[in-house]
Amino acid sequence: MADRDPVPLPAEVRAKLAELELELSEGDITQKGYEKKRSKLIGAFFPQAPGMDPSMGQERRTPVTPSSSSRYHRRRSSGSRDERYRSDVHTEAVQAALAKHKERKMAVPMPSKRRSLVVQTSMDAYTPPDTSSGSEGEGQGDGDEEEGGDCEEEDGGGGGGTSSSREGSISMEHWISRAIHGTSSTTTTTSSTASSSSSSTRSGGSGAAGGRLADVLAQHVHISAHHHLRHHRPHHHHKTENHSAPPDVTGYTNSTANAATDGIQVERAPGAGTAAQRQTPKYGNAELMETGDGVPVSSRVSAKIQQLVNTLKRPKRPPLREFFVDDFEELLEVQQPDPNQPKAEGAQMVAMRGEQLGVVTNWPPSLEAALQRWGTISPKAPCLTTMDTNGKPLYVLTYGKLWSRSLKVAYNLLHKLGTKQEPLVRPGDRVALVFPNNDPAAFMTAFYGCLLAEVVPVPIEVPLTRKDAGSQQIGFLLGSCGVTVALTSDACHKGLPKSPTGEIPQFKGWPKVLWFVTESKHLSKPPRDWFPHIKDANQDTAYIEYKTCKDGSVLGVTVMRIAMLTHCQALTQSCSYTEAETIVNVLDFKKDVGLWHAVLTSVMNMMHVISIPYALMKVNPLSWIQKVCQYKAKVACVKSRDMHWALVAHRDQRDINLTSLRMLVVADGSNPWSISSCDAFLNVFQSKGLKPEVICPCASSPEALTVALRRPVEEGSTPPGRGVLSMQGLSHGVIRVDSEEKLSVLTLQDVGSVMPGAMMCAVKPEGVPQLCKADEIGEICVCTVATGTSYYGLAGMTKNTFEVFPTSNNGAPISEFPFTRTGLLGFIGPAGLIFVAGKMDGLMVVGGRRHNADDIVATALAVEPMKFVYRGRIAVFSITVLHDERIVVVAEQRPDSTEEDSFQWMSRVLQAIDGIHQVGVYCLALVPSNTLPKTPLGGIHLSETKQLFLEGALHPCNVLMCPHTCVTNLPKPRQKQPEIGPASVMVGNLVSGKRIAQASGRDLGQIEDNDQARKFLFLSEVLQWRAQTTPDHVLYTLLNSRGTIASSLTCVQLHKRAEKIAGMLAERGHLQDGDHVALVYPPGIDLIVAFYGCLYAGCVPITVRPPHPQNIATTLPTVKMIVEVSRSVCVMTTQLICKLLRSKEASAAVDVRTWPPVMDTDDLPKKKPPLLYKPSNPDTLAYLDFSVSTTGMLAGVKMSHTATSAFCRSIKLQCELYPSREVAICLDPYCGLGFVLWCLCSVYSGHQSILIPPSELEVNPALWLSAVSQYKVRDTFCSYSVMELCTKGLGLQTDSLKSRGLDLSRVRTCVVVAEERPRTALTQSFSKLFKDLGLHPRAVSTSFGCRVNLAICLQPHRLGKLADQGTSGPDPTTVYVDMRALRHDRVRLVERGSPHSLPLMESGKILPGVRIIIANPETKGPMGESHLGEIWVHSGHNASGYFTVYGDEALQSDHFNSRLSFGDTQTVWARTGYLGFLRRTELTDASGERHDALYVVGALEEAMELRGMRYHPIDIETSVIRTHKSITECAVFTWTNLLVVVVELDGSEQEALDLVPLVTNVVLEEHYLIVGVVVVVDIGVIPINSRGEKQRMHLRDGFLADQLDPIYVAYNM
């Protein structure tokens, strides 16, 4: 603006403004801070700064209005394009690519994030990135691809254009997030319009179009505002946009929800979204569903999923054609070359020779000799001038001083360390040089001191903290080099971290080093007669330069003395250096181009170096140009960044004259993106005397030193070369100059020709080093004396890099001398010019095509670069997932960009990269500013970033994963074959010698037992018989949480109390026989008494879990539902629960007036009933068993008297129960086997049951096991939740329990009662943990029951027999099956530990009288042993049917009476609804017979059909839980064919987003599935039923109804 302002600004104000602009570009100050300070500065001169909104001061949230922003940026538009990466061509290409995408409708659902997570990214929470982390503020000058905080950009004059298009963009969130109520047809119509139109309006369709669209949609659907519905106002410049203000932490409560239907305005009072509102029940209110933070939205989740599904229906990249075989079963697709892809067609290239290295007579024989010569001939000649941060010369080092000080260092190194007999440092030893970037003089002195002492210097960065990113790897390098001494300067030594005793601690990974300060005052003078031996340059190592690899490891490149000298000579010849020339150096002098020109070659030629420290560049970016003028310097060594910064500030300098400059060495000139900096710089400074031929880009690498350098040519000769290459061609490694696609081109500049005395060629990057064709990109190799010779101590890697013999087509080597690989990709162009297209390190091979990290960074930055992310704080790397590399982009986000902005930016970056590079980005993550790990020079530490990403420790604040679009090599979905008929299956099995899978328990008819109870048909009769024959025998003992007996019950007590209950039912309840009675009791003795009371009265009991007093709202409705569904005519309970049912909380949860009569049984009537009811028909109902299945179905099954007695008998025989036995039971007594063991078995078998309510274990986790030990119990039953409580709660207490005498050695069987696949890991850890307390590992086993048959398997083999066989090896009843075969319903046994193996534990021994068969759930045909099928069961204790299931009685009837379609078609089977398989094991049971084991894999209704295969949720969940320590629980389900993964996070909410990529990766790798949605929730959100099983369907419904209050929801694209 300054150049067009009417009032000229004074120079100091202009200087301050320039400084401000730099700070802003660096990210040291926020946009807001910048504007504030700027208006202050200008404010003094103008009454109102033009372009500043008058409201600016008062209105906190008003950002720069579009009009002003475009105006204030126009002044820097000429040169301030983002030079490091963006040529103008590129920006236009990106815009064009984005425009193309608008036609390819792409709607990306925005993730939902909990408010608290948004708040942290608020502006004040972060300091802007500090690029000055390095030693004394050295910034990103490191040769890494990621450099300095370059200046930020708007689109010059086009700024207005972009902003206006943003106004038109109603973000899709606003109107796609709509309720999906309405009829299904409207949903489909709107969703298709929604996805197509969303992208057009978002990316710049006019506001009016958006408005029209909204009207169209409004006819179908409620449009509800997400944060603010932007009103389309015609006056664009008054529009206040919300993108730079920090999110309003108070929550957007006062925003207007615009319900476009019927023009109703729904106003919400400000503050309505506060706590008061949180308590309202969140069900059913779908128009304005609460998200837990008071934002009114339509049912967002389902809308987003619909949107995601629509987006994913878009055609993907063409799938790949061929397959490669992973193991041998699963076919993963492998990239096939596209016949139309470009191929290299040129002739084989010819190796290029550089000019001869002319030997000039007065060239010194070695660098030390040169130093000696200048130090003695012209000691006053200046060698180095160092600047302070004000740009004033700090001091001048003359050649005389350098010589005398180096001598001193050399003498002290050799003679003053260690003792005379045992010197610490001998010639040839390696020493570290640790000098800050603002002290080149001390570094030079130390470096030459080492050369004179014939000691090998290893220059490294100053370690700032003990845990610097990468300093550990530097430590490994020092260790492998055997470094024991570190040279440093006084100031640096003082600045190193110290321990309290004042010693410098050992840095992480470092060897122990002695710190040696090189300042003259600390050194002793060498004696007169001491003189170093100065030899000619030889094959000894001169120095070691460190190099960081792609994976973060640090290697040391050794450079010999002869190579060092030859390299200096080659540079002198190509740069035509002459004595006493002045050279300005901005580069890092410790390595690379800075070291070669400003420390080595300069001394050889007695040049004068003006060293500009990075700290000065930050304060004054023009400083190097000013020094060139001031000293009339002939040469300057800079990076693109330094040219770029100079452009920002150049307007403030009138008197710049660059005519003296004959050569401007651009150190990173080979980076494809430096060309734009060079062009822009020339553009601006040509008027200040800069000649075009002065700009000399060079290419270099740590291994090959200077690879190529453009020579300063005479005026008027040929202009330098340009290559405009097709990006598509490059990705196939082919050079194609023009391309029809103007979008995706890469413009390269040449880096001159081959160095003098060298030979160069390009070889194929992979495999044998074969010469490339002329039109092919390869790795550049050079053959010359002047390269490194090895990686220190790594012979193998050295051979592959430094001893390469390129071969021609016929396989013959092209030279007898070895070449060195440079690590640069490029080609030799016409006229012998060299072009570099990228680095080997930045190469990512995705789907067989090569992409360069730098190119992708550039494309990402060209997307509205500076609004959302910091320049130069962006990392691109690849990770391997599912046998291919996947691209990950990580950028630092500005603290003031809103969620929506950054999300829009992310989706546009994806589209741009897709459009220009034709490659998908797998993951795009934004992290808070200043949080990426830095290299010592302030660049991004790539490998460390990648490591953090893979470990889940990056803590991003935004993540967008695109596995759907990127992963194209998944196995083909399984095509279901037309079903083979059941008959053929059976014949096939017989032919292949496989058994038909069937098995049975012992035959009840053949078991001789003196079972007295068998005489009776009814349990009530058994009880009366026991009350007469053994009245005082104790049947039940109930323990309290202290482990003492709370109450007990003998046969006669039970009988008497049951009679009184029966009397009470008859008298008070006036019940008929056959009436249903709900028993709502806590686990205990009252429940048993009430049950038998009902039998005595002829009523049908239903046991119901009482509501939880702390959680009535969710538990009471279930009680009410069971009471209603079971048609109970009265409820029996205790006084306490009676009060609870009538309480105020209860009436809030359910309608208490509709309860049937409630009777409390605490005080029973005295008189007994006239006579006990005797049922006549054993097939009548004994009781109803109600339970909620894992899919959330409430199902009650009917148990007849016959089945009940048969059941008890079967258990008695299996467990050998008789009256002298004691059994400990720690189970919930409300349904299934738990109820039978708690209430029925003791009465039938007469054994004593020790009852332990599981709820008491929450108070005292050791209760169950101490009871087992105290009562010397042999058999005990528990549930998985009890086992988990013990494992977690007692894990650390086994020793103290042992000392208290807890002994589990008598336990013969410990059975886990379950209706699911056995949890192998839990049972194993339980066994391991309590082995010390005497628990036999084989004692633990599981049972299996389901709704149709409450117990099919129970109780393991007799331990007696087995114990004799020795207990080594894994439990024989665990098998390992191939998980991939299982998805195809096949069972393939594999070895333990083989890939994709899944351990499955047998579900217990089949009960007597039970027959099992495995049937195909679709065809109902019998299946062979090697197949997975539905478990069908036939037994006397099958339930006789469902009591009621809403609406689908017909569907359910075949659960209880199915017949096989082939084979044995007579037997009636019950279908369990579980998938499993049978295996004949090698084990014999007690009777000597082979034993059939049943393996349960999972519930049929929970299994997910994805890609034509069957997946069991538990397998995916197990994988997910393993990925990160913070994931405590996981549940998965599908919705519209998308896999949704819900994880519970135990950690800070910052970690939530780390989990998204990890979860996606592991499910892809292990299950070949793409996760559609990742939901991160708090601990305890995944609902679990009383048996400890996950209720995945409840979770799904809660998620779709927005009731989970998730921390983060990510929708994977």
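Residues numbered from 1 in each chain as written. Predicted model: local features only at pLDDT ≥ 70, side-chain atom pairs only at ≥ 80, totals over all residues. Heavy atoms only, no water.

A short note on the overall build of the protein
A count of helices and strands for the protein gives 48 helices and 61 strands. Burial status across the protein gives 62% buried among its 1613 residues. For the protein, the share of sequence-separated contacts (at least 6 apart) that also reach a separation of at least 24 residues comes to 76%. Total accessible area on the protein stands at roughly 60,400 Å², and carbon and sulfur atoms take up 54% of it. (Helix = DSSP H or I, 4+ residues; strand = E, 2+ residues; numbered from the N terminus. Buried < 20%, exposed > 50% of the residue type's maximum accessible area, 1.4 Å probe, protein only. Contact = heavy atoms within 4.5 Å. Areas by Shrake-Rupley, 256 points an atom, 1.4 Å probe, with all protein chains shown as cover.)

Brief notes about the packing of helix 13 (residues 399–415) against helix 14 (residues 440–452)
Axes are the key here: two packed helices are described by the angle between their axes and the distance separating the axes. Running from N to C, helix 13 and helix 14 cross one another at 55°; their axes reach a closest spacing of 7 Å. With respect to their mutual orientation, helix 13 and helix 14 come out oblique. Regarding helix 13 and helix 14, the two cross each other, and that crossing is right-handed. Here Leu402, Trp403, Arg405, Ser406, Leu407, Val409, Ala410 and Leu413 of helix 13 lie close against helix 14, whose contacting residues are Met444, Thr445, Ala446, Tyr448, Gly449, Cys450 and Leu452. For the contact of helix 13 with helix 14, a count of residues per class yields 11 nonpolar, three polar and one charged. (Axes fitted to C-alpha atoms, helices over the stretch in contact; angles between N-to-C directions. Parallel < 35°, antiparallel > 145°, perpendicular 65-115°, else oblique. Left-handed = near helix turned anticlockwise from the far one by under 90°. Nonpolar A, V, L, I, M, F, W, Y, C, P; charged D, E, K, R; others polar.)

Brief notes about the packing of aromatic side chains
One pass over the full model with this rule turns up 27 aromatic pairs. For the ring pair Phe1091 and Tyr1183, a centre distance of 5.8 Å and an interplane angle of 75° mean the geometry is edge-to-face. Remark: Tyr1183 occurs in strand 42 (residues 1181–1188) and Phe1091 occurs in helix 33 (residues 1085–1097); sequence separation between them is 92 residues. Judged by its relative accessible area of 2%, Tyr1183 falls in the buried class. The aromatic ring of Tyr546 is capped on one face by Lys591, whose charged end is 4.5 Å from the ring centroid. (Phe/Tyr/Trp six-rings, centres within 6.5 Å; stacked < 30°, edge-to-face > 60°. Lys NZ or Arg CZ within 6 Å of the ring centre and 35° of its normal.)

Brief notes about the sheet that holds strand 9 (residues 430–434)
Spatial ordering of the open sheet is given by 10-9-11-12, a layout of four strands whose pairing is parallel. Edge positions in the sheet fall to strand 10 (456–460) and strand 12 (514–517), since each has one partner strand and no second. This sheet shows a mean twist of 30° between the axes of neighbouring strands, independent of strand direction. Sheet topology places strand 9 next to strand 10; five bridges connect them, and they run parallel. Paired with Leu433 across the bridge in strand 10 is Pro459. In the packing of helix 14 onto the sheet, the strands contacted are strand 9, strand 10 and strand 11 (485–488), and the crossing angle to strand 9 comes to about 175°. Helix 15 (residues 471–481) contacts strand 9 and strand 10 of the sheet and is inclined by roughly 175° relative to strand 10. (Pairing = 2+ DSSP bridges.)

Some thoughts on the nonpolar core
As a rule of thumb, soluble globular proteins bury nonpolar side chains together. Leu433, Tyr448, Leu487, Tyr543 and Leu600 are the most contacted members of the largest nonpolar core, which has 101 residues in total. If one sorts the elements of this core by residue count, helix 14 sits on top with 10 residues. Other than its neighbours up to four places away in sequence, Leu433 contacts Phe443, Ala446, Phe447, Cys450, Pro457, Val458, Pro459, Ile460 and Leu487. Formed by 90 residues, the second largest nonpolar core is a distinct cluster that contains Tyr1183, Met1199, Cys1241 and Val1348. (Core = buried A, V, L, I, M, F, W, Y, C linked by side-chain atoms within 4.5 Å.)

Section: the confidence of the model for the protein
Predicted confidence across the protein gives a mean pLDDT of 78, with 76% of residues reaching 70 or more. Confidence drops under a pLDDT of 50 for residues 318–330, and excluding neighbours within four residues, the segment shows 45 contacts in the predicted structure. Considering only residues more than four positions removed or in separate chains, one finds that residues 1359–1370, a stretch of pLDDT under 50, has 16 contacts. (pLDDT = per-residue confidence, 0-100.)

Re the pattern of salt bridges
By the definition in use, this model includes 44 salt bridges. Across the pair Lys1120 and Glu1124 runs a salt bridge, and its minimum N-O distance is 2.6 Å. Of this pair, Lys1120 and Glu1124 both sit in helix 34 (residues 1112–1125), four residues apart, roughly one helical turn. Residue Lys1120 is classed as buried on the basis of its relative accessible area of 8%. Here Asp1151 ties to Arg1153 by a salt bridge, and the two come within 3.2 Å at their closest N and O atoms. (Salt bridge = Lys/Arg side-chain N within 4 Å of Asp/Glu carboxyl O.)

So, the sheet that holds strand 8 (residues 393–398)
Judged by pairing direction, the sheet is mixed, and its nine strands sit side by side in the order 8-7-16-15-17-18-19-20-23 without closing on themselves. Across the chains shown, the open sheet's two edge strands, defined by having one partner strand only, are strand 8 and strand 23 (753–754). Where strand 18 (residues 663–666) and strand 19 (residues 695–701) come together, three bridges link them in parallel fashion. Across the sheet, Leu664 pairs through a bridge with Ile695, a residue of strand 19. Sitting on the sheet, helix 17 (residues 561–575) touches strand 18 and strand 20 (705–709), and the angle it makes with strand 20 is about 20°.

So, a positive patch on the surface
Positive charge collects at one region of the surface, where Lys32, Lys36, Lys37 and Lys40 lie side by side. Tracing the backbone shows Lys32 in helix 2 (residues 31–43). Residue classification places Lys32 among the partly exposed positions, given a relative accessible area of 35%. (Patch = residues over 30% accessible without salt bridge, like charges linked within 9 Å, V, L, I, M, F, W, Y side chains within 5 Å. Lys, Arg positive; Asp, Glu negative; His and termini not counted. Charge placed at Lys NZ, Arg CZ, Asp CG, Glu CD.)

As for the side chain of Asn1040
Along the chain, Asn1040 falls in the loop between strand 36 (1034–1039) and strand 37 (1045–1050). For Asn1040, a relative accessible area of 16% corresponds to the buried category.

Re the environment of Ala1206
Within the fold, Ala1206 resides in helix 37 (residues 1201–1215). The spatial distance from the C-alpha of Ala1206 to the C-alpha of Gly1409 is 8.8 Å, given a sequence separation of 203 residues. Ignoring sequence-local partners within four residues, the contact set of Ala1206 consists of Gly1436 and His1437.

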